[in-house]
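Commentary on secondary and tertiary structure
Each chain is listed here by its residues.
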Amino acid sequence: MAYFPMFIDIEKKKCLVAGGGTVALRKVRVLLDFGAQITVVAPQIDPQILQLTGNVCVKERTFEPEDLKECVLVVAATDDVTENHRIARMAQKKHIPVNAVDQQEDCSFIFPSYLKHRDLVGAFSSAGNSPVLTQYLKESLKEILTEELGQINDYMGSIRPVVKTRIETEKLRRQVYQTILARLLAEKKTSLLPEELEQILIQEKRMKE
Ligand SMILES: C[C@@]1(CC(=O)O)C2=NC(=C\c3[nH]c(c(CCC(=O)O)c3CC(=O)O)Cc3[nH]c(c(CC(=O)O)c3CCC(=O)O)/C=C3\N/C(=C\2)[C@@H](CCC(=O)O)[C@]3(C)CC(=O)O)/[C@H]1CCC(=O)O
Ligand SMILES: NC(=O)c1ccc[n+]([C@@H]2O[C@H](COP(=O)([O-])OP(=O)(O)OC[C@H]3O[C@@H](n4cnc5c(N)ncnc54)[C@H](O)[C@@H]3O)[C@@H](O)[C@H]2O)c1
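Owing to the predicted nature of the structure, the values given are computational and were not obtained by experimental measurement.

All right, on to the nonpolar core then. Core analysis: the largest hydrophobic core is formed by 22 residues, its most contacted members being Val17, Leu31, Ile38, Val40, Ile49, Leu73 and Val75. Sorting the residues of this core by element identifies β1 (14-18), α1 (22-33), β2 (37-41) and β4 (73-76) as the ones contributing at least two each. The greatest single-element share of this core, amounting to 5 residues, is contributed by α1. Core analysis: the next-biggest nonpolar cluster, separate from the first, contains 16 residues, Cys71, Ala76, Ala100 and Ile110 among them.

All right, on to the domain arrangement of the protein then. Split by domain assignment, the protein resolves into domain 1 (14-111) and domain 2 (147-208). Computed over C-alpha atoms, the centres of domain 1 and domain 2 are 41 Å apart.

So, on to the site of ligand 2. Inspection of the region around ligand 2 gives 17 residues, with Gly20, Val23, Gln44, Phe63 and Asp102 positioned closest. Separating an oxygen atom of ligand 2 from a backbone N or O atom of Thr22 is a distance of 3.1 Å. The contact in question runs from an oxygen atom of ligand 2 to an N or O atom on the backbone of Gln44, over 2.4 Å. Of the residues contributing to the shell around ligand 2, the split by class is 7 nonpolar, 7 polar and 3 charged.

For the rest of this paragraph, the subject is the site of ligand 1. Around ligand 1 there are 18 residues in total, and Arg26, Lys27, Phe111, Ser113 and Ser126 lie nearest to it. Separating an oxygen atom of ligand 1 from a backbone N or O atom of Gly128 is a distance of 2.9 Å. Out of a free accessible area of 1100 Å², ligand 1 has 63% covered by protein chains. Elements that contribute at least two residues to the shell around ligand 1 include exactly α1 and α4 (131-141). Top contributing element to the shell around ligand 1 by residue count: α4, with 5 residues. For the shell around ligand 1, the residue count by class is 6 nonpolar, 8 polar and 4 charged.

Conventions used here
- Residues numbered from 1 in each chain as written.
- Chains lettered and ligands numbered in written order.
- Predicted model: local features only at pLDDT ≥ 70, side-chain atom pairs only at ≥ 80, totals over all residues.
- Heavy atoms only, no water.
- Core = buried A, V, L, I, M, F, W, Y, C linked by side-chain atoms within 4.5 Å.
- Buried < 20%, exposed > 50% of the residue type's maximum accessible area, 1.4 Å probe, protein only.
- Helix = DSSP H or I, 4+ residues; strand = E, 2+ residues; numbered from the N terminus.
- Domains from an automatic or database assignment.
- Near = heavy atom within 4 Å.
- Polar contact = N/O pair within 3.5 Å; in protein donor to acceptor, adjacent residues only side chain to side chain.
- Nonpolar A, V, L, I, M, F, W, Y, C, P; charged D, E, K, R; others polar.
- Areas by Shrake-Rupley, 256 points an atom, 1.4 Å probe, with all protein chains shown as cover.

This is the structure we're talking about:
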């Protein structure tokens with residue numbers, strides 16, 4: 001069965017990673033990419049995790065149920081299948097989304113293969129059928145989902161307030177956004193000059209009259 005792609009905001013939110021090995025490191029890197037505040041708890045912690053500063057705090061001991069306090073997301077990445085299962089059960093009882101590595105039956109969510117530039121994210125899931133297939137999809141889309149598109153996305157977000165106040169209907173606003181995007185892509189630019197945007201807004205108003 002396909003998984004529902006729900007995009008959640010984890011910026012500055014507490015996430016727990018139980019386990020401190022190779023797999024934990026991979027998951028920590030992903031969560032960091034989305035600005036999470038991560039606690040790693042494990043008796044043995046990979047030096048590469050210890051080197052991560054800022055949003056990662058480490059506890060060099062085994063998992064304790066109190067580690068789940070105030071967490072919005074949990075990853076059970078120990079090398080002990082029974083312990084991962086126990087952690088997952090506890091998290092699920094508290095209604096906290098949990099991923100248990102390589103134990104899909106214990107996961108309430110799974111990690112996607114993804115491309116990210118700034119706020120623009122493309123994510124793929126095979127429902128666990130084939131991570132190699134989702135990696136192939138990711139590689140294939142690298143030429144389309146570029147850093148420049150991430151910059152364009154930033155720009156489109158920055159002009160939303162002004163477009164919203166200047167253009168009255170949703171239908172016209174959509175047209176404006178389409179015109180701006182088409183122009184940026186055609187001219188290989190990531191933003192318009194204020195006067196160029198102004199010209200588009202005026203033109204759109206005139207067309208309505
Ligand atoms: C996306 C990515 C993210 C990440 O890991 O962070 C990810 N797997 C990645 C790579 C990868 N994983 C594996 C291989 C070897 C080839 C192969 O086995 O197919 C490769 C490829 C490689 O290594 O190149 C082995 C593997 N993975 C799982 C099992 C368990 C099983 O099948 O029972 C086994 C077998 C272990 C064994 O047989 O011993 C299970 C899961 N792996 C998932 C995610 C979730 C489903 C995602 C989906 O829907 O596709 C899920 C369900 C759980 C989860 O969320 O972790 C990351 C790519 C990152 C990127 O984008 O580059
Ligand atoms: N390394 C890989 O690429 C890979 C690939 C596929 C599957 N796996 C599986 O994923 C799991 C984790 O792999 P890994 O390579 O990260 O293992 P690892 O041996 O590098 O790390 C295991 C970690 O779990 C910690 N741990 C053990 N008991 C704990 C507990 N009670 N509480 C908190 N932490 C605890 C250890 O201290 C250690 O940090 C294993 O079951 C492995 O079979 C690993």
